Every structure is written in structure tokens, then in C-alpha cells.
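Observations on chain architecture
Each chain, written out:
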Amino acid sequence: MRSGLRQALTHCELPHLRATSQLHIPGRGVNVPAACRSSVHAASQLAIPDTAQILYVTAAGAQHDMPGHAECAARIPAILEALDTHQLTPAFRPDEVLQLEPTRLATFEEVSAVHDGNYVRGLEKIMQQAALQEGPAIVESAPTYVTTTSNDAALRSAGAALDLIDAVVAAAERRASSAGAGTSGGSVPVGFSICRPPGHHAVRSGPMGFCLLSTIAIAARYCQQHHGLQKVMIFDFDVHHGNGTHDIFYDDPSVLFVSTHQAGSYPGTGRLSEAGSGDGEGASINLPLPGDSGDAVMQDAFERVIGPAAARFQPDIILVSAGYDAHWRDPLAGLQLRTSTYHRLSSMIKQVAVKHAGGRCVFLLEGGYDLKALGEAVADTFQGLLGAASIDKFNPNLLREEPRDKADRLLKDAIAMHSL
Ligand SMILES: [Zn+2]
């Protein structure tokens, strides 16, 4: 883990960037022939009522587990239990909340669109270490572990995300065609994949930071290659910088990567000055928030940088790396987001998706290691997506004061640097 990052950027140190709206987007506006699109999966044929607001899928990776490790299999049941407690499952809200059954593993071609083929093939071999020692094997220093089922878990997690994208895109198409015919097709449900292992640290050629495959990068390429959604925005609100996603799309203007993370936290990347290269210059927006940042800073960041960046980019779909470890209860970092912050965030993200991305929006779970905070925060995300009130009862006066001035300087620098 690297530390001691220099975060104090000044205007004079910031390179001038082209506005992303001025970038040439290869393939933009080109219709993808139907023959080039993927075969239709069961997910896209799901009967989605016009009243649906949330479509979720679960990929629990139950056998991908290691005693004492923060990224544990208990995370998914904690979320499902919270959804049940707050009556946010189809059993309680059959018209608004739907659960999609995952149908498949991601294919080699889909995964190798963002990962080196040798790594994808080698994952099976990496797992043999776990088989030899009859228990989880550490394969990277974070530490990242594998069990004998980890390859299957990672491919299943990615496959579930792709199923979800099929379903959300199909719902959006149905809505658009209904609107064209003068009838109401209802709203487009937001997708949420309750999946693990997480993915945003995995790099092209290997595992990193509890992550084996870059699920969100696989999903982004799938949107482009199989649905003709050329401009993908990825918003990563995990407390850690999504270095894997960042690296994969660093020179790619067709993917706008926007990340909020704690300055100086693992893995040490994600400075404001890391803004893309080549054709992708300006298409990476990193906001390293000062420690103790919380609800007010996050709202500021969204309203002043993230929302305007989305408005300028006009994405065809928004994918969200939804990590919940910026919560004040989380043991791995030092930000102070509240449960209600995720409620507000999800509501704002949905509004931006409706306004600028045809309503197409899919959340993929990343981190979040305090089980209570994780469950409650995902439940409040659902509440926000449903337009219902926050469930958060915590007294925010018990939190430390936020570094508003320091955060304000960062946001001003980001606005100037990205011409927002
Ligand atoms: Zn994280």
C-alpha cells in the first residue's frame, strides 16, 4: 500500500485539459447492426411492469470466502437481510422492486475485452494453489485471496451484471418505443447487482485489492460492443480509488470515469492531476476527498463536478461502482458518509440518468465492510431510487466536522482543470 500522496495541488500545477464534450468519440452516432449485437438472453425478455423502479440481481459468491477477511461472504446476506427488514424486496413491493435470476457466467470473450487473455486463462491455475493447500490462498498483497470456486464466483458476478444490463436496456427500449407510439411505457428501472467479489481494483493482467475481475469495465465494454451504447459514464463512489477501471480506460474518450475517494487511501492513485491521456485526456475525473469528508462534501462534489460532467458528456448509460466503505462506520477508511448520504446520492444519480442517459443506469456493488452500515446503506440506496424517505435515524452531530474549506479548494481546482 502506498501512502504519503501529495494532494495539495494548486492551479499552476494543473495541466490544461480539453473539455470532454469536445473530444472525438469513435463510433459515436453509429448504429450497431442487429447482427453484431449479442444474442438475446432471458433477462431481456423479462416482463417488466411499467411501475418497476428497481431491478436487482444477486451473485453472492458464497464459497469465495476466507475467515477473518473483510471481503467476506457474509456481506451479501447482510444486504439481503436489510432489504427484507426494510420491506424492499419483491415480496413487499412486487410492482416496484423486481429480482432478476442470473442466467450465466461471463464468457472468455467478454472478460478478455478488458483483461489480458493469459490472465483470464490463468485464473484457473491460480486457484490450484487453493486446492493444493486445501484452503484460501493469498494471491496478492492487499491481501487478495482465492478459493477453489473464485473463478466461477468472479465470472458469475460479471455475468449477473451483463444480465442486468440486458434487462435495463430492454426496458429502456420498450419505454422509448412506447413513447414513440404515444403510449406510456413507464419509467426505466435502475439496475443493482448485489455481487461479489468486487472488481474495481483488478488490473488488466491480474488481481488486486480483493478484486479478481474488473466487473464494471467488463460491463462498460459489453454496453458498447453488444448494445451500441457508445458513451459510458462510470461513477465510482467507493472510498478507494478504482485504479483498475481508471487504468483500463485512461486513454479512452468513450468512457468517462469519475471517482470520489479518500485522498491517500489504498491504493494511493487517483490524484486530481490524473485526468486521462491521449484521446482520453479529460475523460478521467478524480476527486481525492480529504479525510473526514462526509455528507456535505459529497453533495457539493456531485452538484458542482459530477452532475455537470455527466451533463456535458451525455452518456448513453451510467454505471456505478457502488462501494459503501466511505460510510462513517466502515473500518477500512476515514470518510464520514452517512446512510442517508447514499440515499441522496442514489436519488441524484437517478435524476442525472433520466435527464442525460435515457434512464439507463446500473449499480454494481464494490466495497463496504461494516456489515450493518453496508446493509443499511444499500437499503437506503433502494429508498432513494424509489423516491421514498431515508431510513437513516443517526444523529449527524455525533460525527466530526467536515473539512469543507479543503474540499472546496479541491472542487474549485477540479472545475478549473476540467472546464466545468
Ligand atoms: Zn473500497
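Residues numbered from 1 in each chain as written. Predicted model: local features only at pLDDT ≥ 70, side-chain atom pairs only at ≥ 80, totals over all residues.

Our focus in this paragraph is the sheet that holds strand β9 (residues 317–322). Consider a sheet: its strands pair through backbone hydrogen bonds, and that pairing is either parallel or antiparallel. If you walk across this open sheet you meet the eight strands as β2-β1-β5-β10-β9-β6-β7-β8, and the pairing is parallel. Each end of this open sheet is capped by a strand with a single partner; those strands are β2 (97–100) and β8 (284–289). Adjacent strand axes in the sheet meet at a mean angle of 15°, parallel and antiparallel pairs treated alike. Pairing analysis gives five bridges linking strand β6 (residues 232–236) to strand β7 (residues 255–262), with the strands arranged parallel. (Pairing = 2+ DSSP bridges. Helix = DSSP H or I, 4+ residues; strand = E, 2+ residues; numbered from the N terminus. Axes fitted to C-alpha atoms, helices over the stretch in contact; angles between N-to-C directions.)

So, about the pairing of β2. Pairing geometry for strand β1 (residues 54–59) and β2, over four bridges, is parallel. Within the sheet, the bridge partner assigned to Ile-54 lies in β2 and is Val-97. Traced from β1 through helix α1 (residues 75–85) to β2, the parallel crossover comes out right-handed. (Right-handed = clockwise from strand over helix to strand, strands pointing away.)

With 124 residues, the main nonpolar core has Ala-219, Ile-318, Leu-319 and Leu-364 as its most contacted residues. When residues in this core are grouped by element, the largest group, 14 residues, is from helix α4 (residues 150–180). Contact partners of Ile-318, with chain neighbours within four places excluded, come to Met-233, Phe-235, Ile-349, Val-352, Ala-353, Ala-357, Arg-360 and Cys-361. (Core = buried A, V, L, I, M, F, W, Y, C linked by C-beta atoms within 7 Å. Buried ≥ 20, exposed ≤ 12 C-beta atoms within 10 Å, placed from the backbone. Contact = placed C-beta atoms within 7 Å.)

Residues spaced three or four apart along an α-helix point in a common direction, a consequence of the helix completing one turn every 3.6 residues. The terminal C-alpha atoms of α4, which comprises 31 residues, lie 45 Å apart, in line with the 45 Å expected from a rise of 1.5 Å per residue. With respect to burial, α4 is a largely interior element, 22 of its 31 residues being buried. Once α4 ends, the next one or two residues include Gly-182, with phi positive near 85°. (Expected span 1.5 Å × (residues − 1).)

Next up on the list: the packing of α4 against helix α5 (residues 215–227). The interhelical angle for the contact between α4 and α5, taken along N-to-C directions, is 40°, at an axis separation of 10 Å. In terms of axis orientation, α4 runs oblique to α5. When the axes of α4 and α5 are compared, the crossing they make is right-handed. Contacts from Ser-157, Ala-158, Ala-161, Leu-162, Ile-165 and Val-169 of α4 reach α5 at Thr-215, Ile-218, Ala-219, Tyr-222, Cys-223 and His-227. Among the residues making up the contact of α4 with α5, the classes are represented as nine nonpolar, three polar and no charged. (Parallel < 35°, antiparallel > 145°, perpendicular 65-115°, else oblique. Left-handed = near helix turned anticlockwise from the far one by under 90°. Nonpolar A, V, L, I, M, F, W, Y, C, P; charged D, E, K, R; others polar.)

What is shown is where atoms sit, not what they do.
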